[in-house]
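Coordinate analysis (summary)
One letter stands for each residue in the lines below.
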Amino acid sequence: MAKSVFVLNGPNLNLLGKREPEVYGTDTLDDVRARTETRAGELGLSVEFRQSNSEGELVDWIQEAREDASAIILNAAGYTHTSVAILDALQAAELPVIEVHLSNIFRRDPFRNHSYISLGANGVICGLGAKGYELAIEAVADIIKSQGS
Ligand code: DQA
């Protein structure tokens, strides 16, 4: 059976829809999950969609992805700007990685302009809300296809 795409979400994203809707929109994380799974299904991919508020759990999941996933889509949320441990896990995973943010991190507080995650990512999508997850699935589908050919 083909390996799934791990879609991992970091801290406070469980509050989507209620949390600063003027910044993050009104879609809940379940809405984002549904959109991601639908687009993945259309492209013949399966998705393992998870959220954690814990840095260690995200590292554990990235290590699991190393064995069990075909690619990683990651919104590390606040850990984007702080976590060397998550970057190290991504670099160890040796998988295609797409970094996603709902908001445009370059149009916000200066500390959000820097991402540790980007150093381990093939590409970055930000500022497009839930649509960014669908685009990330499309990017992953292209990368997986090009690996197979
Ligand atoms: C975020 C942007 C981060 O700066 C922030 O800490 C988040 C969400 C986004 O999706 O826009 O929690 O990753």
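Residues numbered from 1 in each chain as written. Predicted model: local features only at pLDDT ≥ 70, side-chain atom pairs only at ≥ 80, totals over all residues. Heavy atoms only, no water.

Considerations on the sheet that holds strand E5 (residues 123-126)
Adjacent strands of a sheet pair through backbone hydrogen bonds, lying either parallel or antiparallel. Under the convention used in this document: A pair of strands is treated as paired once DSSP finds two or more bridges between them. Starting at the N terminus, helices and strands are each numbered in turn, a helix being any DSSP run of H or I of at least four residues and a strand any DSSP run of E of at least two. Lines fitted to C-alpha atoms define the axes here, with helix axes fitted over just the stretch in contact, and angles between the N-to-C directions of these axes take values from 0 to 180 degrees. Note on contacts: a residue pair qualifies if any of its non-hydrogen atoms lie within 4.5 Å across the two residues.
The five strands are arranged E2-E1-E3-E4-E5 in an open sheet whose pairing can be described as parallel. The sheet is open, and its two borders are formed by strand E2 (47-51) and E5, each paired with just one other strand. The mean inter-strand angle of the sheet, taken between neighbouring strand axes irrespective of direction, is 20°. Here six bridges tie strand E1 (residues 4-9) to strand E3 (residues 69-75), and the two strands are oriented parallel to one another. Paired with valine 7 across the two strands is isoleucine 73, which belongs to E3. Helix H2 (residues 29-42) contacts E1 and E2 of the sheet and is inclined by roughly 165° relative to E2.

A closer look at the side chain of glutamate 134
So the rule is basically this: The definition of a polar contact used here is a pair of N or O atoms within 3.5 Å, where within protein one atom must be able to donate a hydrogen and the other to accept one, and adjacent residues in sequence count solely through side-chain atom pairs.
Tracing the sequence through the fold places glutamate 134 in helix H5 (residues 131-148). Side-chain polar atoms of glutamate 134 contact the side chain of arginine 35, separated by 3.2 Å. In contact with glutamate 134, not counting residues within four places along its chain, are Arg35 and Arg39.

Brief notes about the site of the ligand
Stated formally: Whether a residue is near a molecule or strand depends on its heavy atoms: if one lies within 4 Å, it is near. For the area figures, the Shrake-Rupley method with a 1.4 Å probe applies, and any residue is considered shielded solely by the protein chains shown. In this analysis a 1.4 Å probe is tested at points of a 1 Å grid over the protein atoms alone, and where it fits but cannot get out there is a cavity; an open set with protein on both sides within 12 Å along at least five of seven lines is a pocket; lining residues have an atom within 4 Å of a point. To be counted as sitting in a cavity or pocket, a molecule needs more than half of its atoms within 2 Å of that site's grid points. Any residue that is not Ala, Val, Leu, Ile, Met, Phe, Trp, Tyr, Cys, Pro, Asp, Glu, Lys or Arg is counted as polar, Gly included; the first ten are nonpolar and the last four charged.
Every residue close to the ligand is listed here: Arg19, Tyr24, Asn75, Ala77, Gly78, His81, His101, Leu102, Ser103, Ile105, Arg108 and Arg112. The separation between an oxygen atom of the ligand and a polar side-chain atom of asparagine 75 is 2.8 Å. Surface burial for the ligand is 98%, taken as the share of its 320 Å² of free accessible area covered by protein chains. A molecule is said to occupy a pocket when more than half its atoms come within 2 Å of that pocket's grid points, and by this definition the ligand occupies the largest pocket. In the shell around the ligand, the residues fall into four nonpolar, five polar and three charged.

Focus on the packing of aromatic side chains
Convention followed: Any pair of Phe, Tyr and Trp rings, taking the six-membered ring for Trp, is counted once the centres come within 6.5 Å. Such a pair is stacked with planes under 30 degrees apart, edge-to-face with planes over 60 apart, and tilted for the rest. Relative accessibility thresholds used throughout: buried, under 20% of the residue-type maximum; exposed, over 50%; partly exposed, between the two (1.4 Å probe, protein chains only).
Taken as a whole and assessed by the stated rule, the structure comprises one aromatic pair. Between phenylalanine 49 and tyrosine 133 the ring centres are 6.4 Å apart and the planes differ by 35°, which places this aromatic pair in the tilted class. Here phenylalanine 49 is found in strand E2, whereas its partner tyrosine 133 is found in helix H5, with 84 residues between them in sequence. No difference in accessibility class separates phenylalanine 49 from tyrosine 133, as the two residues are buried.

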